[in-house]
Amino acid sequence: VPDYRNGYAADLGHRAIQANAERRYADAVRLLAEAVPHHEAAIRAAPGDRTYRRFLRNTLGILTGAHLNLGDYEAAVTVTEQLLRAAVDPADDHFE
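Quick look at the structure, then. For clarity, every value in this text was computed on a predicted model and none was experimentally measured. (Residues numbered from 1 in each chain as written. Predicted model: local features only at pLDDT ≥ 70, side-chain atom pairs only at ≥ 80, totals over all residues. Heavy atoms only, no water.)

### Side note on the overall build of the chain
Step number 1: Scanning the chain from N- to C-terminus turns up five helices and zero strands.
Step number 2: Put simply, the chain runs from its N terminus to its C terminus through helices and strands in the order α-α-α-α-α.
Step number 3: Relative to the 2.2 N^0.38 estimate, which gives 12 Å for 96 residues, the radius of gyration of the chain is 13 Å and therefore close to what a compact globule would have.
Step number 4: The dimensions of the chain, computed from C-alpha atoms along their principal axes, are 35 × 25 × 20 Å.
Step number 5: When the 96 residues of the chain are sorted by exposure, 35% land in the buried category. (Helix = DSSP H or I, 4+ residues; strand = E, 2+ residues; numbered from the N terminus. Rg over C-alpha atoms; globule rule 2.2 N^0.38 Å. Buried < 20%, exposed > 50% of the residue type's maximum accessible area, 1.4 Å probe, protein only.)

### Some words on helix 1 (residues 2-21)
Because each turn of an α-helix spans 3.6 residues, side chains separated by three or four positions in sequence point in the same direction.
Step number 1: With 20 residues, helix 1 should cover 28 Å at 1.5 Å per step; its first-to-last C-alpha distance of 28 Å lies within 8% of that length.
Step number 2: Along its buried surface, helix 1 packs onto helix 2 (25-45) and helix 3 (50-70).
Step number 3: R23, located one to two residues past helix 1, shows a positive phi value of around 60°. (Expected span 1.5 Å × (residues − 1). Contact = heavy atoms within 4.5 Å.)

### Thoughts on the environment of A41
Step number 1: Take A41: it is sitting in helix 2.
Step number 2: Remark: the alpha-carbon pair of A41 and P2, spanning 39 residues in sequence, is separated by 7.0 Å.

### Focus on unusual backbone geometry
Step number 1: Although it is not a glycine, R23 sits at a positive phi angle of roughly 60°.
Step number 2: Secondary-structure assignment places R23 in the loop between helix 1 and helix 2.
Step number 3: By relative accessible area, which is 66% here, R23 ends up exposed.

### Here's the deal with the environment of D72
Step number 1: The topology assignment puts D72 in the loop between helix 3 and helix 4 (73-86).
Step number 2: The partly exposed category is assigned to D72, whose relative accessible area is 33%.
Step number 3: Polar side-chain contacts of D72 include one of 3.2 Å to the backbone nitrogen of A75. (Polar contact = N/O pair within 3.5 Å; in protein donor to acceptor, adjacent residues only side chain to side chain.)

### Digging into the packing of helix 2 against helix 3
Step number 1: Following both chains from N to C, one finds helix 2 and helix 3 inclined at 160°, their axes separated by 9 Å at the closest point. Classed by the angle they form, the pair helix 2 and helix 3 counts as roughly antiparallel. As for how helix 2 packs across helix 3, the hand of that crossing is left-handed. Touching Y25, A26, A28, V29, L32, A35, V36, H39, E40, A42 and I43 of helix 2 are Y52, R53, F55, L56, T59, L60, I62, L63, A66, H67, N69 and L70, all from helix 3.
Step number 2: Grouping the amino acids of the contact of helix 2 with helix 3 by side-chain chemistry returns 17 nonpolar, four polar and two charged. (Axes fitted to C-alpha atoms, helices over the stretch in contact; angles between N-to-C directions. Parallel < 35°, antiparallel > 145°, perpendicular 65-115°, else oblique. Left-handed = near helix turned anticlockwise from the far one by under 90°. Nonpolar A, V, L, I, M, F, W, Y, C, P; charged D, E, K, R; others polar.)

Now the structure itself:
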């Protein structure tokens, strides 16, 4: 069920935000890396649901920041590339 997969991923994302706030960047990376496949599964199950794509983009953005905070620039670039591929209709997302 896509809602459950996306919801679980969102919960992991909230935990990662808290880890980032506590400067536990490695924990944030681990949580967010676990969340990404759940977002992707939700998107595959309901490709027309823009909410799932938005959640994936948010997760990838936070993951990029966590990699930067760790000084892992190569991983940050890789995740940023994923983020760009996930940005299907950024203009529409900004004006909803």
